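Listed below, chain by chain, are the residues.
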Amino acid sequence: MTALNRWLIALLLTAAAVVVCYLWIDRPLALFAHAHSGQREAFARLTHIPDLLNPFAAIAFVIFGLWVLAGRPVTRIVAAGALSSISLIVAEAIKNQLKFAFGRYWPDTWVQNNPSLVHDGAYGFNFFHGGQGYASFPSGHTAATCAVISVLWIMYPYWRPFYGAIVLAVAVGLIGANYHFLGDIIGGGFVGTSTGWMTVAIWRARQAASVPAKAGEL
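What counts as what
Residues numbered from 1 in each chain as written. Predicted model: local features only at pLDDT ≥ 70, side-chain atom pairs only at ≥ 80, totals over all residues. Heavy atoms only, no water. Helix = DSSP H or I, 4+ residues; strand = E, 2+ residues; numbered from the N terminus. Buried < 20%, exposed > 50% of the residue type's maximum accessible area, 1.4 Å probe, protein only. Contact = heavy atoms within 4.5 Å. Lys, Arg positive; Asp, Glu negative; His and termini not counted. Charge placed at Lys NZ, Arg CZ, Asp CG, Glu CD. Salt bridge = Lys/Arg side-chain N within 4 Å of Asp/Glu carboxyl O. Patch = residues over 30% accessible without salt bridge, like charges linked within 9 Å, V, L, I, M, F, W, Y side chains within 5 Å. Areas by Shrake-Rupley, 256 points an atom, 1.4 Å probe, with all protein chains shown as cover. Core = buried A, V, L, I, M, F, W, Y, C linked by side-chain atoms within 4.5 Å. Expected span 1.5 Å × (residues − 1).

Colleague: Help me understand the overall build of the protein chain, please; the structure alone is not making it clear to me.
Modeller: Of the regular secondary structure elements, the protein chain holds eight helices and zero strands. Reading the protein chain from its N terminus to its C terminus gives the helix and strand order α-α-α-α-α-α-α-α. Its C-alpha atoms give the protein chain principal-axis dimensions of about 70 × 35 × 35 Å. The 218 residues of the protein chain split such that 39% are buried. Of the contacts made within the protein chain by residues no fewer than 6 positions apart, 77% connect residues no fewer than 24 positions apart. Distance between charge centres in the protein chain, computed from 13 positive and 8 negative side chains, equals 13 Å.

Printed below as a string of structure tokens:
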């Protein structure tokens, strides 16, 4: 099975999971989280884990870019840092376009008195509506986290239990604080994982292609 086939299967499974969540899980889970909102602050702290990723991506990309421009070797840690930055930046761009395309109501009211499930009973998608009040799907926090984690997952597999714990913590925080529906998190996870997977795949394909080219030059 090719990597493309595996990605397409993952896409279909993600779509199916989002539909299942939308029909049977998202609404009752969000109402449950709201009914038990006494611990919201504790859950909200977990959602701050990816907050530093955007500035980190910009700084890391500049640092590693200057490193390479200075003629320094591209070590695995340099490659991992640069690829994580690229993956995050791409995931952010894709996530923003998908939020506009799907226009999903939020579980709760957060931005400019936006309509929400808890506040207004509003539930569903408003395709191509636009605006911060209609941007629940997919989860940007999850997409950003998985964009970085997926690169590290591939390049430094020894730490996978730690990576999984980070993603789980962010997901639990988003649900517990009622910031996102479960379906949003699944969608965001797919976006971030896809960008990381594709970024590393492009890098590795270029590396593999450069070997015979160099051999032919000798």
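Colleague: For this particular structure, what's the right way to read the pattern of salt bridges?
Modeller: Close approach of charged atoms allows side chains with opposite charge to pair. One pass over the structure, following the stated rule, counts four salt bridges. One salt bridge in this structure joins R104 and D26, with 2.9 Å as the shortest N-O distance. Here R104, found in the loop between α4 (76–102) and α5 (117–120), pairs with D26, found in helix α1 (residues 3–35); they are 78 residues apart in sequence, far enough to count as distant. The pair formed by R104 and D26 is uniform in burial state, with each residue classed as buried. Where D108 meets R40, a salt bridge forms, and the shortest distance between an N and an O atom there is 3.3 Å. Placement of D108 in the loop between α4 and α5 and of R40 in helix α2 (residues 40–46) is noted, with a sequence separation of 68 residues between them. In the salt-bridge network here, residues are joined through shared partners; they are D26, R104 and D184.

Colleague: What should I look at first to understand a nonpolar patch on the surface in this one?
Modeller: Together, F61, V62, L66, L69, I86, V90 and I94 make up an exposed nonpolar region whose accessible area comes to about 630 Å². Elements represented by at least two residues in the nonpolar patch include exactly α3 (53–69) and α4. In terms of residue count, the dominant contributor to the nonpolar patch is α3 (four residues). Residue placement: F61 occurs in helix α3.

Colleague: Would you take a moment to explain the environment of T47 for this structure?
Modeller: Tracing the chain through its elements places T47 in the loop between α2 and α3. Since its relative accessible area comes to 3%, T47 is described here as buried. Sequence separation of T47 and V200 is 153 residues, and the distance between their C-alpha atoms is 26 Å. Residue contacts for T47: discarding those within four places in its chain leaves H141, G173, L174 and Y179.

Colleague: Even after reading the chapter, I still don't get the nonpolar core, so can you show me in this structure?
Modeller: Burial of nonpolar side chains together is a common tendency in soluble globular proteins. Membership of the largest hydrophobic core is limited to seven residues, which are L53, A57, L88, A91, A144, A147 and V148. Here the element with the most residues in this core is helix α6 (residues 140–155); it accounts for three residues. Each residue touching L88, except ones within four places of it in the same chain, is listed here: L53, N54, A57, A144, A147 and V148. Core analysis: the next-biggest nonpolar cluster, separate from the first, contains six residues, L83, V151, M155 and V200 among them.

Colleague: Can you help me understand the environment of A80 in this one?
Modeller: The residue A80 is located in helix α4 in this model. A80 sits 122 residues away from I202 along the chain, and the two C-alpha atoms are 13 Å apart. Setting aside chain neighbours within four positions, we find A80 in contact with V151, L152, M155 and Y156.

Colleague: It is not clear to me how α6 should be interpreted in this structure. Could you clarify?
Modeller: Because an α-helix packs 3.6 residues into every turn, residues spaced three or four apart end up facing the same way. With 16 residues, α6 extends 23 Å between its outermost C-alpha atoms, agreeing within 8% with the 22 Å of an ideal straight helix rising 1.5 Å per residue. Among the 16 residues that make up α6, twelve are buried, leaving the element largely enclosed by the rest of the structure. Residues of α6 that are buried include every one of G140, T142, A143, A144, T145, C146, A147, V148, I149, S150, V151 and M155, and no others.

Colleague: Hey, could you run me through the environment of D120 in this one?
Modeller: Relative to the assigned elements, D120 resides in helix α5. Note on D120: relative accessible area 45%, which makes it partly exposed. On a C-alpha basis, the gap between D120 and D108 in space is 8.8 Å, while along the polypeptide they are twelve residues apart. Leaving out residues up to four positions away in the same chain, D120 has contacts with T109, N114 and P115.

Colleague: What's the story with α3 in this structure? I'm lost.
Modeller: Across its 17 residues, α3 extends 24 Å between first and last C-alpha, which sits within 8% of the 24 Å expected from 1.5 Å per residue. Among the residues trailing α3, G71 stands out with phi positive, at a value near 85 degrees.

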